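Descriptive analysis of the structure
Below, each chain spelled out in residue letters.
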Amino acid sequence: GENVEQHPSTLSVQEGDSAVIKCTYSDSASNYFPWYKQELGKGPQLIIDIRSNVGEKKDQRIAVTLNKTAKHFSLHITETQPEDSAVYFCAASTHFGNEKLTFGTGTRLTIIP
Amino acid sequence: DTAVSQTPKYLVTQMGNDKSIKCEQNLGHDTMYWYKQDSKKFLKIMFSYNNKELIINETVPNRFSPKSPDKAHLNLHINSLELGDSAVYFCASSQTLNTGELFFGEGSRLTVL
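Here goes a summary of the coordinates provided. (Residues numbered from 1 in each chain as written. Chains lettered and ligands numbered in written order. Predicted model: local features only at pLDDT ≥ 70, side-chain atom pairs only at ≥ 80, totals over all residues. Heavy atoms only, no water.)

All names here are of chain A. One open sheet accounts for 5 strands, arranged S1-S3-S8-S7-S6; its pairing is antiparallel. Since the sheet does not close on itself, it has two edges, and those belong to strand S1 (4-7) and strand S6 (56-59), each with one partner. The average undirected angle you get between the axes of adjacent strands in this sheet is 15°. Bridge count between strand S7 (residues 62-67) and strand S8 (residues 72-77): 6 bridges; the pairing is antiparallel. Across the sheet, Ala63 pairs through a bridge with His76, a residue of S8. (Pairing = 2+ DSSP bridges. Helix = DSSP H or I, 4+ residues; strand = E, 2+ residues; numbered from the N terminus. Axes fitted to C-alpha atoms, helices over the stretch in contact; angles between N-to-C directions.)

See below:
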């Protein structure tokens, strides 16, 4: 089955700086890559996703890049703000959706004011 | 208006007991899921139901039995609770099995003593 590795497990950045979280996946058939943000005491919430026919996608301060050859994808957050502090999960699926969605192990991002 | 609601939020019980967690979604979605998040924040799919039909049943002990009386509800019953069952259980829904975003509930923290 699919295996998704995520690094780093913890990340602290100064407010206003950029944060990058990286994931690698094992199944070359994976074609859907969402990112979820989990705030304390809440369920995860989708923040951005990308499909395998696209190399990069941006939404305001958040961007995701995908390298299918190397089987890795990354989340980039620019101009970080205190409300960006949360646990971030990458995930990968071979079905363009949730049927076979495998999550990474999570990154705890702390923004230092 | 809560989109995906699960009850109870906290559950503390003794080993060997039987307990249930209820989940309801008011989004009109076809597909519902149960995920388990362990103490290291690892998120793993347990079950998914599409239009009340079981689609995914990952390697979960048969002490765990999901029940979907209609497509808006997916309950989780756990028999003979063990210490290792302590975790946060998340209910989620999506429009269809292969349509993007998962909407998660706020989680039910189960502690087995």
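On we go.
With the rule as written, the count across this model stands at 8 salt bridges over all chains. Here Lys37 of chain A and Glu39 of chain A are joined by a salt bridge, their closest N and O atoms 3.4 Å apart. Looking at Lys37 of chain A, the relative accessible area reads 16%, which means it is buried. A residue is classified by how much of its surface remains accessible, and Glu39 of chain A, at 37% relative accessible area, is partly exposed. Between Arg63 of chain B and Asp85 of chain B there is a salt bridge whose closest N-O contact spans 2.8 Å. Here Arg63 of chain B is found in the loop between strand S6 (53-57) and strand S7 (64-70), whereas its partner Asp85 of chain B is found in the loop between strand S8 (73-78) and strand S9 (87-94), with 22 residues between them in sequence. The same class applies to Arg63 of chain B and to Asp85 of chain B, which are both buried. (Salt bridge = Lys/Arg side-chain N within 4 Å of Asp/Glu carboxyl O. Buried < 20%, exposed > 50% of the residue type's maximum accessible area, 1.4 Å probe, protein only.)

Let us now look at unusual backbone geometry. In this chain, His7 of chain A is followed by Pro8 of chain A through a cis amide linkage whose omega measures -5°. With respect to the element layout, Pro8 of chain A can be found in the loop between S1 and strand S2 (10-14). We note that Asn51 of chain B has phi near 50°; this positive angle belongs to a residue other than glycine. Relative to the elements of secondary structure, Asn51 of chain B occurs in the loop between strand S5 (43-50) and S6. Note on Asn51 of chain B: relative accessible area 41%, which makes it partly exposed.

How big an interface is tends to be stated in terms of the accessible area lost upon association of its parts. On the chain B side, the residues contacting the 20 residues of chain A number 22 residues. Carbon and sulfur atoms supply 53% of the area buried between chain A and chain B, which totals about 1,700 Å² over both sides. Across the chain A-chain B interface, the total number found is 1 salt bridge. At the boundary of chain A with chain B, the tally comes to 3 residue pairs in polar contact (both at pLDDT 80 or more). For the side of chain A that touches chain B, the secondary structure elements donating two or more residues are strand S4 (32-38) and strand S5 (45-51) of chain A. Per element, the largest residue contribution to the side of chain A that touches chain B is 3 residues, and it comes from S4 of chain A. Partitioning the side of chain A that touches chain B into residue classes produces 8 nonpolar, 8 polar and 4 charged. (Contact = heavy atoms within 4.5 Å. Buried area = accessible area lost by both parts, 1.4 Å probe. Polar contact = N/O pair within 3.5 Å; in protein donor to acceptor, adjacent residues only side chain to side chain. Nonpolar A, V, L, I, M, F, W, Y, C, P; charged D, E, K, R; others polar.)

All names here are of chain A. The buried fraction of S5 is high, at 5 of 7 residues. With 6 bridges joining them, S4 and S5 adopt antiparallel strand pairing. Directly across from Pro34, in S5, lies its bridge partner Asp49.

Working definition: the covalent bond between the sulfur atoms of two cysteines is a disulfide. Residue and element names in this part refer to chain A. Within the structure shown, the criterion is met by 2 disulfides over all chains. With a sulfur-sulfur separation of 2.0 Å, Cys23 is cross-linked through a disulfide to Cys90. Residues Cys23 and Cys90 are joined by a disulfide whose S-S torsion is about -100°; by sign, that bridge is left-handed. Residue Cys23 is located in strand S3 (residues 19-25), and its partner Cys90 is located in strand S9 (residues 86-92); the two are separated by 67 residues in the primary sequence. (Disulfide = S-S within 2.5 Å.)

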